[in-house]
Amino acid sequence: MLSSPAPRSPQSPRSPLSAPSPLSRRGLLAAAGAAGAAGLLGAGPAAAAAAAPSGGRGSAALVVRNASVFTGTARRGPVQAVAVGRDGKILATGTDAALRRYVGRDTEVVDARGNTVMSGIHDGHVHPLAAGERSLSPSLDGAETTREQLLEILTGFLADTGGPAAEPDGWLVVEDWNPVGLLPAGTDPHHTVLDALPTRRPIALVGGDGHNLWANQRALDIAGITAATPDPVGGKVVKGADGKPTGVLKDDAQILVKRLIPEHTRAELTAACAKVLELAAASGVTTMMDALVGRHELELYRALSAAGALPQRIVPAIRLSAEQAKDPAGSLAYARGLRREFEGVPGLRFGMIKVFLDGVIEYPAQTAALLDPYLDGQGGPTTNRGELYTSAADYGRLSAAFNRAGWQMHAHGLGDRAVRAALDGYAYARQVTGHRDARNAVAHLQIVNPADLRRFAQLGVAACMQLQWATRDIWTQEALLPYIGPERHRWMYPARSLEKAGARLTGGSDWPVDALQVWNQLRTAIDRRGASGAGELYRDLEGLSRDSALRMHTSGTAWQLRQEELTGTVEEGKAADLVVLDRDVTRCPVADISGTGVRMTLVGGRVVHDADSQAGRAASARAARTAAAASRPDAYATVHGGGRGRHHSCGH
């Protein structure tokens, strides 16, 4: 245990998590009088009347019965029912007959129809507010276009976002630009293409990978970007052979333009983010670690909470820049200041820090840090080893300072060199602080050197993986295999190898890098193909068991977030953060897991999604549309048909 004061304790299930809607008596939930309860739970009316209290003492607020309960524990024997107390905690689990005594005249009873009831999904790496903010701007949806097609689309966006009334200073910001999407293949983006549009407005196309931005000359001029502009720490101003800026800004250089873009109003952002949080609840997500947070995001969370629109438990990870990472004392003061200011917001629990150690691995970005250089695509060596934005030494000193103060570290590490730097940093922090339960994490883990697998368990480091990417598609094949070779490629997303080495596996979606596809994410962790993969990605070597995949996204992530005493399993005394599904995910064919629907979601015993309510039907429909639209192309040449860039939110 940490010897320093720990972060604020997890949100109590009795605390207002934004006052979600009360238990509904429509749709899924049946008002259960003594006779009604007896019918649902399989006993005669007289027996039920004798056994069931009239309400209050001994009776449950809610009982879910006729279920296949995945408890996530070592408990043996059938578990068919869950009773939820009036304090938002789980009263009991067991057979339908055993839990009959908890049904009173005012107890709500849910018939699970033989389907799964389990802990809510814990998303250990996600950017929900970025998903809401993105929805307010026009999107290219990863389109692959010719120059002429792109200009036609952008001309339409100009008209849709104010037309002549927005001239000359109204920014046009377009999301999900595909950095390799200009046809013919190999055509480089340049500001002169955007300059051909019939406008004087500044234009910024934000890359779907979150690591690239393309600006026109007007935007460059407003930002003061010239041939003399140096590369900022952790970023690059791309320049042509003439030494002048091309308009493309990479990683932390994007801020040179982004800081000048007018923000949406607080009301617009609050409304948009409330919708995406409803979508997350409809997908079964009950806890989220927002993996990139600053003052802007915290102010928005405060507004959402005040509006009663924060249904999940949120662990904000305060992002530190590469410059801040070199100043442990200053960074600790900065994080503590934000915590003091915002820790009273209901639903938030502080104690996490986020640092980017590298970028992305796919061609052409290739900013993920590798131990050995990238290949040239034809098998030949290059000198490019990617970008390590924070050294192992700096990260170690930073981790030591925060771990000593009771904070956890969360590193973005895709390449094997970044993963090793994170582990080296955590080893240093462990040595100098003596802490053995810091629960630091490395996220993404796209390539892990086999020599580092056992270090996760040895150092108590969480392996936070986004396994919806572990499939054969354009990103793992055409955009990667030729540039790293088969030997390294085999170690992509090595989930089972990490598990065998004793690592704690935790799960995250990285939404909106990809659409929120919770259940396809779990399915892909098992079959390494998913709903849209062109084939399996080392399933025999790295596919997880069904049990491991379910635990990874529930109790595993609860452990990562230091709330395993509160949530993550279905057992007496835990908070009733539960989902009722439309199928039995513990037994159905693995491929069918992708299509799982969520009938009900509870957080602290309160219903935050009911698929049969009016609002729930709308949220469920959005979730279904999101899942249907999220399939990826199976060939690099067809990326315009639905490809999704990686780490879209990482540059915010």
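What comes next concerns the included structure. All of these numbers come straight from a predicted model, not from anything done at the bench.

## Topic: the overall build of the chain
Stage number 1. Scanning the chain from N- to C-terminus turns up 19 helices and 25 strands.
Stage number 2. By the burial criterion, 61% of the 652 residues in the chain qualify as buried.
Stage number 3. If you take every contact in the chain between residues at least 6 apart in sequence, the share linking residues at least 24 apart comes to 75%.
Stage number 4. Accessible surface computed for the chain: about 23400 Å², of which carbon and sulfur atoms make up 51%.

## Brief notes about the packing of aromatic side chains
Stage number 1. Tallying each qualifying case throughout the model produces five aromatic pairs.
Stage number 2. Seen from their ring centres, tyrosine 395 and tyrosine 426 are 5.4 Å apart, and the 55° between their planes marks the pair as tilted. Within this pair, whereas tyrosine 395 is found in helix α11 (residues 392-404), its partner tyrosine 426 is found in helix α12 (residues 416-433), the two being separated by 31 residues in sequence.
Stage number 3. On the basis of an interplanar angle of 55° and a centroid distance of 6.4 Å, the ring pair of tryptophan 469 and tyrosine 493 is categorised as tilted.

## Things to note about the pattern of salt bridges
Pairing between side chains of opposite charge can happen when the charged atoms of each approach one another.
Stage number 1. Counted by the stated rule, this structure contains 25 salt bridges.
Stage number 2. Here aspartate 437 makes a salt bridge to arginine 439, at a shortest N to O gap of 3.0 Å.
Stage number 3. Relative accessible area serves as the criterion here: at 15%, aspartate 437 is assigned to the buried category.
Stage number 4. The network of salt bridges with shared partners includes Arg420, Asp424, Asp452 and Arg455.

## As for the sheet that holds strand β25 (residues 606-610)
Stage number 1. Taken together, the five strands give an open sheet; going across it, the order is β3-β7-β23-β24-β25, and neighbouring strands pair in mixed fashion. Each of the sheet's edge strands pairs with one partner strand only, and the pair in question is β3 (68-70) and β25. Between one strand axis and the next, the sheet turns through 20° on average, direction left out of account.
Stage number 2. Looking at chain direction, β3 and strand β7 (residues 116-119) are connected through three bridges and run parallel. Bridging across to β7, valine 69 finds its partner in valine 117.

## Observations concerning the packing of helix α16 (residues 518-527) against helix α18 (residues 546-560)
Stage number 1. Interhelical geometry of α16 versus α18 gives an angle of 140° and a closest axis separation of 9 Å. As the angle between them shows, α16 and α18 are arranged oblique. Pair α16 / α18 crosses with right-handed handedness. Of the residues in α18, those in contact with Gln521, Leu522, Ala525 and Ile526 of α16 are Arg546, Ala549, Leu550 and His553.
Stage number 2. Across the contact of α16 with α18, the residue classes tally to five nonpolar, two polar and one charged.

Thresholds applied
- Every chain begins its residue count from 1, and numbering advances along the sequence as written.
- The predicted origin of the model limits local features to residues at a pLDDT of at least 70 and limits the giving and counting of side-chain atom pairs to 80 or more, whereas totals for whole chains, interfaces and linings rest on all residues.
- Working from all heavy atoms in the structure, the side-chain values ignore hydrogens and water.
- Comment: elements are numbered from the N terminus, with helices defined as DSSP H or I runs of at least four residues and strands as E runs of at least two.
- Each residue gets one of three labels from its accessible area relative to the maximum for its type: buried under 20%, exposed over 50%, partly exposed in between, using a 1.4 Å probe on protein chains only.
- Contact between two residues is taken to exist if any of their heavy atoms lie within 4.5 Å; hydrogens are not considered.
- Surface accessibility follows the Shrake-Rupley procedure with a 1.4 Å probe radius. Residue values consider only the protein chains on display as shielding.
- Paired rings are identified among Phe, Tyr and Trp, the last through its six-membered ring, by centres lying within 6.5 Å, and are further divided according to the angle between planes into stacked (under 30 degrees), edge-to-face (over 60) and tilted (the rest).
- By salt bridge we mean one thing: a side-chain nitrogen of Lys or Arg within 4 Å of a carboxyl oxygen of Asp or Glu.
- Paired strands are those between which DSSP finds at least two bridges.
- Axes here mean lines fitted to C-alpha atoms, for a helix over just the part in contact, with angles spanning 0 to 180 degrees between N-to-C directions.
- Reported orientations rely on four angle classes, namely roughly parallel under 35 degrees, roughly antiparallel over 145, roughly perpendicular from 65 to 115, and oblique for the rest.
- Crossing handedness follows the turn of the near helix against the far one: under a right angle anticlockwise gives a left-handed crossing, and clockwise gives a right-handed one.
- Only Asp, Glu, Lys and Arg are considered charged, only Ala, Val, Leu, Ile, Met, Phe, Trp, Tyr, Cys and Pro nonpolar, and every remaining residue, Gly among them, polar.

Function cannot be inferred from these measures alone, as they are strictly geometric.
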